[in-house]
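Below, each chain spelled out in residue letters.
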Amino acid sequence: MNLLEKEALIAEQAVKLETASPEEILKFAVETFPNITFACSFGAEDVVLVDMLHKVSPKTDVFYLDTDYHFKETYETRDRMEQRYGIRFVQVKPVLTPEEQAAQHGEELWKSDPNACCNIRKVEPLTRILSQYEAWITGIRRDQAPTRANAKKIEYDTKFGLVKFNPIAHWTSDDVWDYIRSNDIIYNPLHDRNFPSIGCEQCTRQVAPGEDPRAGRWSGSDKTECGLHK
């Protein structure tokens, strides 16, 4: 399928998929683009999609960006999910080790230049892994941040050059947690300790009552996204 054909398909399906269930969107995605992958961060939205995808297409690749800086609870969640679903998440690592990064760019790059740190540890590895696929699935929701408010259920990802599916874009946080509880889904225990959005340990803090759910990410700076979703 060439670019023009993909764009025509996306334009046609964007309207139809807007009212489709996440499961229906996943089924359409894997049947239309067999060479597809799911990017999992082990946050609440993503553990929901792992469960759904396992029911729809258990052989579909699921990868995670191992920045070397995740919370131990995140790695433990990964291990528990692998055991429950009988799958192996594809590990995608940065080119530079933490020691090499410090030697080349200085200690604690996440403090001096968080965008550069995210580029090294997230954006470049993501670009590398996505180059092997024609479509990808994400767990972003429209109400998570203003930068995600216009996310469609299916769209062409111009940054990475492939089709992007956002099956739960219309869901609220309550929808996510209703699914988790109703289906007894494994989730990161940090969510129970006021971490609604979980990234690298150095750049994520607990969120106080009344704060925006993403206020704990890159707190103290004007950074709001790691660069994976525009």
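Residues numbered from 1 in each chain as written. Predicted model: local features only at pLDDT ≥ 70, side-chain atom pairs only at ≥ 80, totals over all residues. Heavy atoms only, no water.

Asks: Break down the overall build of the protein for me, citing the residues and quoting the values.
Replies: When you go through the protein residue by residue, the secondary structure sums to eight helices and six strands. Reading the secondary structure of the protein in the N-to-C direction produces α-α-β-α-β-α-β-α-α-α-β-β-β-α. Its C-alpha atoms give the protein a radius of gyration of 17 Å, within 12% of the compact-globule value 17 Å for 230 residues. Here the protein, with 230 residues, has 53% of them falling under the buried criterion. By sequence separation, contacts in the protein at least 24 residues apart represent 69% of the contacts at least 6 residues apart. In the structure as shown, the protein presents an accessible area of about 11200 Å², 50% of it carried by carbon and sulfur atoms. Side chains of the protein carry 29 positive and 37 negative charges; the gap between the two charge centres is 0 Å. (Helix = DSSP H or I, 4+ residues; strand = E, 2+ residues; numbered from the N terminus. Rg over C-alpha atoms; globule rule 2.2 N^0.38 Å. Buried < 20%, exposed > 50% of the residue type's maximum accessible area, 1.4 Å probe, protein only. Contact = heavy atoms within 4.5 Å. Areas by Shrake-Rupley, 256 points an atom, 1.4 Å probe, with all protein chains shown as cover. Lys, Arg positive; Asp, Glu negative; His and termini not counted. Charge placed at Lys NZ, Arg CZ, Asp CG, Glu CD.)

Asks: Describe the sheet that holds strand S2 (residues 61-65), naming the residues involved and giving the relevant values.
Replies: Spatially, the six strands line up as an open sheet ordered S3-S2-S1-S4-S6-S5, and their pairing is mixed. Strand pairing shows two members of the sheet lacking a second neighbour, strand S3 (90-92) and strand S5 (154-157), which therefore form its edges. In this sheet, neighbouring strand axes are inclined to one another by 30° on average, regardless of whether the strands run parallel or antiparallel. Here strand S1 (residues 36-39) runs beside S2; their pairing, made up of three bridges, is parallel. From the neighbouring strand, Ala39 faces S2, where its bridge partner is Phe63. Sitting on the sheet, helix H1 (residues 3-18) is in contact with S5 and strand S6 (162-165), with an inclination near 150° to S5. (Pairing = 2+ DSSP bridges. Axes fitted to C-alpha atoms, helices over the stretch in contact; angles between N-to-C directions.)

Asks: Go over helix H2 (residues 22-32) with me, naming the residues and quoting the values.
Replies: Among all positions of H2, only Pro22, Ile25, Leu26, Phe28, Ala29 and Val30 are buried. In this structure, the buried residues of H2 make contact with H1, S1, helix H3 (44-56), strand S4 (135-137), S5 and S6.

Asks: Outline the layout of surface pockets, supporting the account with residue identities and numerical values.
Replies: Taken as a whole, the largest pocket holds about 880 Å³ of empty space. Together, 42 residues line the largest pocket, and Ser41, Glu45, Ser197, Ile198 and Arg217 are the ones closest to its centre. For the lining of the largest pocket, the elements supplying multiple residues, two or more each, are H3, S2, helix H7 (114-130) and helix H8 (173-182). Of the residues belonging to the lining of the largest pocket, the class tally is 18 nonpolar, 15 polar and nine charged. (1 Å grid on protein atoms, 1.4 Å probe; cavity = no way out; pocket = protein on both sides within 12 Å on 5 of 7 lines; lining within 4 Å. Points joined across faces, edges and corners; volume = space filled by probe spheres on them. Nonpolar A, V, L, I, M, F, W, Y, C, P; charged D, E, K, R; others polar.)

Asks: Requested: an account of unusual backbone geometry, with residues and values cited.
Replies: Note: most peptide bonds trans; most residues except glycine with negative phi. In this structure, Asp184 is a non-glycine residue whose phi angle is positive, near 50°. Structurally, the position occupied by Asp184 is in the segment after H8. Judged by its relative accessible area of 54%, Asp184 falls in the exposed class. We note that Asn194 has phi near 65°; this positive angle belongs to a residue other than glycine. Within the secondary structure, Asn194 is located in the segment after H8. The class for Asn194 is partly exposed, based on a relative accessible area of 46%.

Asks: Quick one: what's the story with the state of the cysteines, residue by residue and with numbers?
Replies: All told, the structure shown has zero disulfides when counted by the stated rule. This cysteine, Cys117, is not joined by any disulfide, and Cys118 carries the nearest cysteine sulfur, 6.1 Å off. Given a relative accessible area of 7%, Cys117 falls into the buried group. (Disulfide = S-S within 2.5 Å.)

Asks: Help me get a handle on empty space enclosed by the protein, residues and values and all.
Replies: Tallying each qualifying case throughout the model produces two cavities of 30 Å³ or more. The computed volume of the largest cavity comes to approximately 100 Å³. As for the largest cavity, its lining consists of Tyr69, Trp110, Cys117, Cys118, Arg121, Lys122, Gly199, Cys200, Gln202, Cys203, Arg217 and Trp218. Residue contributions to the lining of the largest cavity peak at four residues, all from H7. Partitioning the lining of the largest cavity into residue classes produces seven nonpolar, two polar and three charged. Approximately 50 Å³ is the volume found for the second largest cavity.

Asks: Describe the pairing of S6, listing the residues and the values that go with them.
Replies: Examined bridge by bridge, S4 and S6 share three bridges and lie parallel to one another. Residue pairing for S6: Trp136 is matched across the bridge by Lys164.

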